[in-house]
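Structural characterization, general
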Amino acid sequence: MSVEFYLDPNQDAPIPDGWETVESEVDLLRWLVGPKAGVIRGRELCRWAEDYARGRGITVRKLQSPSSRLLQLCPELSQAQAQELAGSLGNRLPSEQELELLQLAKLLWNEVWWGDEPGPDHAAKWLLWWLEHAPSEAERVVLACLGNWYKTTYLGQERSAYEVNSADKSFALLKRWLGMGQPLSWGDFPTELSANLIQRLQDELKSLVIKEPDELLGILRGGRANKHLLSVVAEVSASYYLEHPERLTLEVVTAIEPHVNGAIREKLRKCLPPKVPGPLPEKILEIGSWFVREYLPYRIRATNDPEHLAVTSQIGRQFAEWYLQMYKDEALFDGPARQNLSWVKASQLKKPEVVTLMVVLDGLGYVDMQHLWEEIRRFDVGQRITLLQAEVAFAPLPTITECAKPALLKGVKPALAKDQPDLGRVLVRDRDVKEALAQAKLGNLIIWSDLEPDSTYHRASGKDVALRNARGILTGFAERLTELLLALPKEIPLRVVVTTDHGRLLAEAPRIHPLPEGAQSRQRAALGNLKLRDSIEIEGDLAYLHRDAFGLSQDCVVVLSGESFLTQDGKRGVDAYPHGGIYPEEVLIPWWEFARDYELKDIEAELLGKGVVERAGQIVLQVRNPNPISVVVLELSFGAKQQQTFPIQREVSAMGGLEHALEIPSWPSKRDVQSLRAQVSFLRPDQRPAYVEAKVRLEVEEMYQQGDNPLEDLL
């Protein structure tokens, strides 16, 4: 058998199992007497063994040194550092001669992303990695080589992230990327925040909010912070104001609530004194805005407050009488309100270019709809579902399922529903809906009808139990709906409308009203042959509605106050979240439209005007909305050294524009105009705020110009 010497001068080569190691002169002499499989280690011993082998014609093979390979790859390493890394890698270092930095990074830190293409996502992961790790000095040398390689490979603006070499530097840069301090113009942070980063942000923000609570509100309102940061800032702000409710204002709540969950929003709202809504608008088109922005916030906060019971009752009664008259005179007879009726909107749903899914959840109040959408957003991790419209529709009277639902499904008034076909295929099981959508043709309407949450509300023993159980049911349905929408092939052009047959009272209603003779009890309504002569008769808190005047198959009596009828067998008690009446929340119902994989275009804004420096002047804000959704422009903030804020509070219709004139006390100079920054904030249909930079096109007239001075020629 031929003899071969295996040499390991750097003493770091991996040794095959069963091989002897020779590491001293004595061991070497003993081993030379009868050499067998083994490795000679150390530079001096290897030199002696090599001389010995040369003189006797013995083949010498030098084992590959991991530390030498590391030094070739990263010359900045010291010999000791290379040996340290080689020892930590052990047998994981591949035997190939070629070794790359990216391969080494994967071996050292066991994360596949090291080999990904450098770019925004990769740079974000690099920063998050530094936040989580404290590398050794030897590892830092490799990381410096790696960072330089990334910077050389990638020329985008995020390349400076690869200069970071500590957790503190990483945190400082991450904050700027997320929109704190001096924000970077790197675009949205492309990945989820790590638990470590969230904790560090919370710790810093908690210290900041104690000293400067307005600074956190500035981040929320500034429009430059990343959505991930906004949720952290909002939660910290909310925790501060819940501990200091005396400092809480409606403006603060408005800034915080789009970025926190429903439970926190409710806690914040409960800390505010209820603000009584303004008068009912005269224009039909403004009813929905009044309901969502004024009535609902007040109603939710004032429900359990005895001091506000009289005001709530007054608003409810005034609205009920208005709705009855409007419904009878306009909605049923081609008046301006007719297009807002739910069954009219349903009859117009079919569109030849899309497949339409109408989701009908029984008894889904507007507040329930807001909770459902919040849960859809939570389950839609990739944010593929966009809310295009969050409208308010008018429910048919009375607001009970047996009258309102057939009208909605058939697109006609309740009296005609019995003999009319459904507007589309009505399905109740998830799998049937999914199959129907997959097989649908353009122009088809599929109706997904579900008895919830109405069924859960009716079964509950009390108000708190009813709300908790209904929220649970809606969370489950949100998950089912989200899964169904995202599972359908992208090739299906899908339009989704979520609505209901009727709303429900946002309170408990004591049963105090006796039933008229021959009437059937339906909580806040009763049906039967009441032998009415007039189209409408109001007696105290009850309104008697003639079947012919209100498009019904039976006469009806409804409660105008906040109570219910006795049960059919005369029982008293309390109904939790009942329906059948005409309070705003019972008849103003959600009509929300979703789209999947829909990209909204940027809203455009410009500031125009001409004025004299330091004099008062007028600027014009122009907003163009190229999207099929309406938005509400909230305010304009602009300035160079100091920001000025002007409230706007105007709606920009879908595919529409807005011009709004503003008076400013002091016109900026040419130098200030060059550095002027203007930002417009607006609300999307789901009440989430968004921001857009406005282009500044202001012209400046100097107060004094050359030629104005009559003594100028004498100088």
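Now for a quick tour of the structure. Predicted model only: the values in this text are computed from it and were never measured.

1. Some details on the overall build of the protein chain
- The number of helices and strands found in the protein chain is 23 helices and 25 strands.
- Considering the protein chain as a whole, with its 715 residues, one finds that 52% of them fall into the buried category.
- When contacts within the protein chain are restricted to residue pairs at least 6 apart in sequence, those whose partners lie at least 24 apart make up 70%.
- Surface exposure of the protein chain reaches about 34,900 Å², of which carbon and sulfur atoms provide 49%.
- Placing the 83 positive and 102 negative side-chain charges of the protein chain at their respective mean positions leaves the two points 3 Å apart.

2. Let's talk about the pattern of salt bridges
- Applying the stated rule across the entire model yields 36 salt bridges.
- A salt bridge links Asp-362 to Lys-405; its shortest N-O distance comes to 2.9 Å. Of this pair, Asp-362 sits in the loop between β5 (355–361) and α17 (366–379) while Lys-405 sits in helix α18 (residues 401–410), and the two are 43 residues apart along the sequence.
- According to the relative accessible area criterion, Lys-405 is buried, its value standing at 9%.
- A salt bridge links Lys-571 to Asp-569, with the shortest nitrogen-to-oxygen separation between them at 3.8 Å.

3. Examining the pairing of strand β18 (residues 588–596)
- When you tally the buried positions in β18, you get nine out of nine residues, the bulk of the element.
- Of the strand pairs in this sheet, strand β6 (residues 385–394) and β18 are connected by nine bridges, and their pairing is antiparallel. In the sheet register, Ala-390 faces β18, and the bridge partner there is Trp-592.
- Here strand β9 (residues 494–499) pairs with β18 via four bridges, running antiparallel. Residue Val-496 lies in a different strand from β18, and its bridge partner there is Phe-594.

4. So, the packing of aromatic side chains
- By the definition in use, this model includes 30 aromatic pairs.
- Note on Trp-149 and Tyr-150: the rings are 5.6 Å apart at their centroids and 65 degrees apart in plane angle, and the pair reads as edge-to-face.
- Ring centres 5.8 Å apart and planes at 25 degrees place the aromatic pair Phe-319 and Tyr-323 in the stacked group. Taken as a pair, Phe-319 and Tyr-323 lie in helix α15 (residues 309–331) at a separation of four residues, close to a single helical turn.
- With a relative accessible area of 1%, Phe-319 lands in the buried category.
- Among the aromatic residues, those joined into a ring-pair cluster are Trp-290, Phe-291, Tyr-295, Phe-319, Trp-322, Tyr-323, Tyr-327, Trp-343, Tyr-366, Phe-394, Phe-550 and Trp-592.
- The side chain of Arg-378 reaches across the aromatic face of Phe-379, ending 4.6 Å from its centre.
- Taking NZ or CZ as reference, Arg-524 lies 5.2 Å from the ring centre of Tyr-583, over its face.

5. Regarding the nonpolar core
- Grouped together as the largest cluster of nonpolar side chains are 85 residues, with contacts concentrated most on Leu-357 and Phe-594.
- Setting aside residues no more than four positions away along its own chain, Leu-357 makes contact with Val-433, Leu-437, Ile-446, Trp-448, Leu-485, Leu-494, Arg-495, Val-496 and Val-497.
- Leu-70, Cys-145, Leu-193 and Leu-248 belong to the second-largest nonpolar core, a separate cluster that totals 72 residues.

6. Digging into the environment of Arg-41
- The topology assignment puts Arg-41 in strand β3 (residues 38–41).
- Spatially, the C-alpha atoms of Arg-41 and Asp-8 are 4.7 Å apart, while their sequence positions differ by 33 residues.

7. With respect to helix α7 (residues 137–153)
- Here α7 is 17 residues long and its end C-alpha atoms lie 24 Å apart, about the 24 Å a rise of 1.5 Å per residue gives.
- Those residues of α7 that sit buried are Ala-138, Glu-139, Val-141, Val-142, Leu-143, Cys-145, Leu-146, Gly-147, Tyr-150 and Lys-151.

8. Overview of unusual backbone geometry
- Across the junction of Leu-397 and Pro-398, the peptide omega takes the value -5 degrees, indicating a cis bond.
- Structurally, the position occupied by Pro-398 is in the loop between β6 and α18.
- Located in the positive-phi region is Tyr-577, a residue other than glycine, with phi close to 50 degrees.
- With a phi angle near 55 degrees, Met-655 is a residue other than glycine that sits in the positive phi range.

9. What to know about helix α11 (residues 227–243)
- For α11, with 17 residues, the first-to-last C-alpha span of 25 Å sits near the 24 Å given by 1.5 Å per residue.
- Against the buried residues of α11 lie α8 (167–178), α9 (195–211), α10 (213–222), α12 (250–256) and α13 (262–271).
- Capping of α11 at its N-terminal end is provided by Asn-226; its side-chain oxygen lies 2.7 Å from the backbone amide nitrogen of His-228.

10. Focus: the sheet that holds strand β22 (residues 644–652)
- On the basis of which strands lie adjacent, the open sheet formed by seven strands has the order β22-β21-β24-β25-β19-β20-β23 and mixed pairing. Where the open sheet ends on each side, the last strands, each with one partner, are β22 and β23 (657–664). Between one strand and the next, the sheet's axes are offset by a mean angle of 25 degrees, whatever the strand orientation.
- The pairing of strand β19 (residues 604–612) with strand β25 (residues 689–701) spans seven bridges and is classified as parallel.

11. Focus on the environment of Pro-352
- Looking at where Pro-352 falls in the secondary structure, it is placed in the loop between α16 (342–347) and β5.
- For Pro-352, a relative accessible area of 64% puts it in the exposed group.
- In sequence terms Pro-352 and Gly-179 are 173 residues apart; their C-alpha atoms lie 44 Å from each other.
- Those residues in contact with Pro-352 that sit more than four places away from it in its chain are Leu-442 and Gly-443.

12. Details of the side chain of Lys-151
- In this structure, Lys-151 sits in helix α7.
- Leaving out residues up to four positions away in the same chain, Lys-151 has contacts with Arg-159, Tyr-162 and Glu-163.

13. Some points on the sheet that holds strand β13 (residues 536–539)
- In space, the five strands of this open sheet follow the order β11-β12-β15-β14-β13, with antiparallel pairing throughout. Across the chains shown, the open sheet's two edge strands, defined by having one partner strand only, are β11 (520–522) and β13. Taking each pair of neighbouring strands and ignoring which way they run, the sheet shows an average axis angle of 20 degrees.
- In this sheet, strand β15 (residues 555–559) lies alongside strand β14 (residues 542–545) in antiparallel orientation, the contact comprising four bridges. Of the residues in β15, the one forming a bridge with Tyr-544 is Val-557.
- Seen against the sheet, α15 touches β13 and β14 and runs at an angle of roughly 165 degrees to β13.

14. Quick notes on the environment of Val-620
- Along the chain, the position of Val-620 falls in strand β20 (residues 617–624).
- Among the residues examined, Val-620 registers a relative accessible area of 21% and is labelled partly exposed.
- In this structure the C-alpha to C-alpha distance between Val-620 and His-660, which are 40 residues apart in sequence, comes to 5.5 Å.
- Those residues in contact with Val-620, other than ones at most four positions away along the chain, are Glu-606, Leu-607, Leu-608, Glu-659, His-660 and Ala-661.

About the cut-offs
Residues numbered from 1 in each chain as written. Predicted model: local features only at pLDDT ≥ 70, side-chain atom pairs only at ≥ 80, totals over all residues. Heavy atoms only, no water. Helix = DSSP H or I, 4+ residues; strand = E, 2+ residues; numbered from the N terminus. Buried < 20%, exposed > 50% of the residue type's maximum accessible area, 1.4 Å probe, protein only. Contact = heavy atoms within 4.5 Å. Areas by Shrake-Rupley, 256 points an atom, 1.4 Å probe, with all protein chains shown as cover. Lys, Arg positive; Asp, Glu negative; His and termini not counted. Charge placed at Lys NZ, Arg CZ, Asp CG, Glu CD. Salt bridge = Lys/Arg side-chain N within 4 Å of Asp/Glu carboxyl O. Pairing = 2+ DSSP bridges. Phe/Tyr/Trp six-rings, centres within 6.5 Å; stacked < 30°, edge-to-face > 60°. Lys NZ or Arg CZ within 6 Å of the ring centre and 35° of its normal. Core = buried A, V, L, I, M, F, W, Y, C linked by side-chain atoms within 4.5 Å. Expected span 1.5 Å × (residues − 1). Polar contact = N/O pair within 3.5 Å; in protein donor to acceptor, adjacent residues only side chain to side chain. Axes fitted to C-alpha atoms, helices over the stretch in contact; angles between N-to-C directions.

Read these as layout, nothing more, since geometry by itself doesn't imply function.
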